[in-house]
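Breakdown of the fold
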Amino acid sequence: MVDYSIWDHIEVSDDEDDTHPNIDTPSLFRWRHQARVERMEQFQKEKEELDKGCRDCRRKLAECQKKMRELELSNAEGSKSELQRLQAEAQQLKKEEKSWEAKVDELRKKEKNTPWNVDTLSKDGFSKSVFNVKAEQAEEESEEQKEKKHKTFVEKYEKQIKHFGMLRRWDDSQKCLSDNPHLVCEETANYLVIWCIDLEVEEKHALMEQVAHQTIVMQFILELAKSLKVDPRACFRQFFTKIKTADQQYMEGFTEELEAFKERVRGRAKARIERALKEYEEEEQQKRLGPGGLDPVDVYESLPAELQKCFDEKDVQMLQDTISKMDPAEAKRHMQRCIDSGLWVPNARVAEGAEKVEKEEGVYEELKEGGSEGDKAAPE
């Protein structure tokens, strides 16, 4: 036979009670239900506390027994008193464990005798939701394909993209995208980002901030499309509806993202300017290099002050006198560096008739001996 005794202790549903006509029945049902829910929460809290206390007691007992076994195996001097202390502690913990278990058993009996109600009669066996979404593309475009696609798109719609980037009002932006839905894509966002950096490099800061605003608008639309897993063209109206009626928190998020983007643009523009200056300096340095591949600026700065003065005043006699007073090896090294950098140009006779070794040996001697001024070239 079927045992129906489990249905003997069921708390009657709130809405099955008859109430006095003068009593607000919905409020009474609500209060009863709230009181029952609070009792259930208090019971659950008490149950969790007992379970936690029982687990902690068992853990402490296991640790105490482990220490006792370690002491018994070690046989160390003076461990006897410690072993006795641990044994006493273990006995106390066993008593506490039995006390906790008794409390848990008592609570379980209380739970078993508690009448069922509408909140405890049944529970979810399982909960599952399935969404039929569009499958993502298995193959991603290569970088070369993306670059080609971006270039083609910009060539075709650059004027329309710039028009969108110059708009200020939400309604104007929405109308522009409604008239040109093909602009709602990654290519437009990428073009606007590059345009912002170009404007910052050109020091058009106010215009950059305007275009940056529209860039974040486009990026927010694309992010919304990703979260909804729909085509961006199908949800840009939803974005404008949301942004125009947004609460303070949503607007603060938009503003924070905009300010962060402008800072990134400034950083990228600064890096581009520094890179361009570095490339320009390297090109200028290459142009300055002398016949020996040395930079005349670097060579001049490495010369002693007395030699620098000779080149500043372009005085050949002063240069000859200075060289004669210097150590021959050091003077020869400096003059060779001057030739390699183009600071000093040897005379035509040496340049045309002498071999390279003879030229290196003769330049210092020529200056030292003070040959005729017509046979030498002046410092550059």
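Residues numbered from 1 in each chain as written. Predicted model: local features only at pLDDT ≥ 70, side-chain atom pairs only at ≥ 80, totals over all residues. Heavy atoms only, no water.

**Points about the overall build of the protein**
Under the convention used in this document: Only DSSP runs of H or I reaching four residues or more are called helices, and only runs of E reaching two or more are called strands; each is numbered from the N terminus. Here, residues are in contact when the closest pair of their heavy atoms is within 4.5 Å. Residue-level accessible areas treat just the shown protein chains as cover; the underlying method is Shrake-Rupley with a 1.4 Å probe.
Summing up its helical and strand segments, the protein has 14 helices and zero strands in all. Its helices and strands taken in sequence order, the protein reads α-α-α-α-α-α-α-α-α-α-α-α-α-α from the N to the C terminus. Sequence separation of 24 or more characterises 66% of the internal contacts of the protein that already satisfy a separation of 6 or more. In the structure as shown, the protein presents an accessible area of about 27,200 Å², 49% of it carried by carbon and sulfur atoms.

**A few points about the pattern of salt bridges**
Heads up, the condition is: Definition used for salt bridges: Asp or Glu carboxyl oxygen within 4 Å of a side-chain nitrogen of Lys or Arg. Only protein chains enter the accessibility calculation, which uses a 1.4 Å probe; a residue whose area is less than 20% of its type maximum is buried, one above 50% is exposed, and one in between is partly exposed.
Throughout the structure, instances matching the rule amount to 21 salt bridges. Across the pair Arg 58 and Glu 97 runs a salt bridge whose closest N-O atoms are separated by 3.4 Å. With Arg 58 in helix α1 (residues 25–74) and Glu 97 in helix α2 (residues 79–113), the pair connects residues that are 39 residues apart, well separated along the chain. Owing to a relative accessible area of 41%, Arg 58 belongs among the partly exposed residues under this scheme. Residues joined in a network through salt bridges with shared partners are Arg 169, Asp 171, Asp 172 and Lys 244.

**Let's talk about the confidence of the model for the protein**
Counted only if it meets this: By definition, pLDDT measures how confident the predictor is in each residue, and it falls between 0 and 100.
Per-residue pLDDT for the protein averages 78, and the proportion of residues at 70 or more is 75%. Ranking the elements of the protein by mean pLDDT puts helix α13 (residues 348–353) last, at 41, and helix α5 (residues 186–201) first, at 92. In the model, residues 368–378 has pLDDT below 50 throughout and makes 18 contacts with residues more than four positions away in sequence or in other chains.

**Points about the packing of helix α4 (residues 170–179) against helix α6 (residues 205–228)**
Keep this limit in mind: The axes are straight lines fitted to the C-alpha atoms, using for helices just the contacting stretch, and the angles between their N-to-C directions are given from 0 to 180°. Roughly parallel means an angle under 35 degrees; roughly antiparallel means over 145; roughly perpendicular covers 65 to 115; every other angle is labelled oblique. Left-handed is the label given to a crossing in which the near helix is rotated counterclockwise from the far helix by less than a right angle, and right-handed is the label when the rotation is clockwise. When residues are sorted by character, Ala, Val, Leu, Ile, Met, Phe, Trp, Tyr, Cys and Pro go into the nonpolar class, Asp, Glu, Lys and Arg into the charged class, and all the rest, Gly among them, into the polar class.
As a packed pair, α4 and α6 sit with axes 12 Å apart at the nearest point and diverge in direction by 60°. Considering the angle they form, α4 stands oblique to α6. Judged by the sense of rotation from one axis to the other, the crossing of α4 with α6 is right-handed. Taking contact as the criterion, the partners of Trp 170, Ser 173 and Leu 177 in α4 are, on α6, His 213, Gln 214, Val 217, Met 218 and Ile 221. Tallied by class, residues from the contact of α4 with α6 come to five nonpolar, three polar and no charged.

**Notes on the nonpolar core**
Stated precisely, the cut-off is as follows: Here, nonpolar core means buried Ala, Val, Leu, Ile, Met, Phe, Trp, Tyr and Cys residues that are tied together by side-chain atoms lying within 4.5 Å of each other.
Membership of the largest hydrophobic core comes to 40 residues, with the highest contact counts inside it found for Phe 164, Leu 177, Ile 221, Phe 239 and Phe 240. Looking at this core, the elements with two or more residues in it are α3 (143–165), α4, α5, α6, α7 (236–244) and α8 (248–288). For this core, the element with the highest residue contribution is α6, accounting for eleven residues. The contact partners of Leu 177, leaving out residues within four places of it in the chain, are Phe 164, Leu 183, Val 184, Met 218, Ile 221, Phe 236 and Phe 240. Counting 15 residues, the second-largest nonpolar core is a separate cluster that includes Val 299, Val 316, Met 326 and Leu 343.

**Observations regarding the side chain of Thr 215**
Mapping Thr 215 onto the fold places it in helix α6. When neighbours within four sequence positions are excluded, Thr 215 is seen to be in contact with Ala 189, Leu 192, Val 193, Cys 196 and Phe 261.

**Thoughts on unusual backbone geometry**
Comment: phi is negative for the bulk of residues other than glycine, and the bulk of peptide bonds are trans. The residue Glu 203 is not glycine, and still its phi comes out positive at about 65°. As for its placement among the helices and strands, Glu 203 is situated in the loop between α5 and α6. Non-glycine residue Lys 229 carries a positive phi angle of around 55°. Along the chain, Lys 229 falls in the loop between α6 and α7. Judged by relative accessible area, which is 52%, Lys 229 ranks as exposed.

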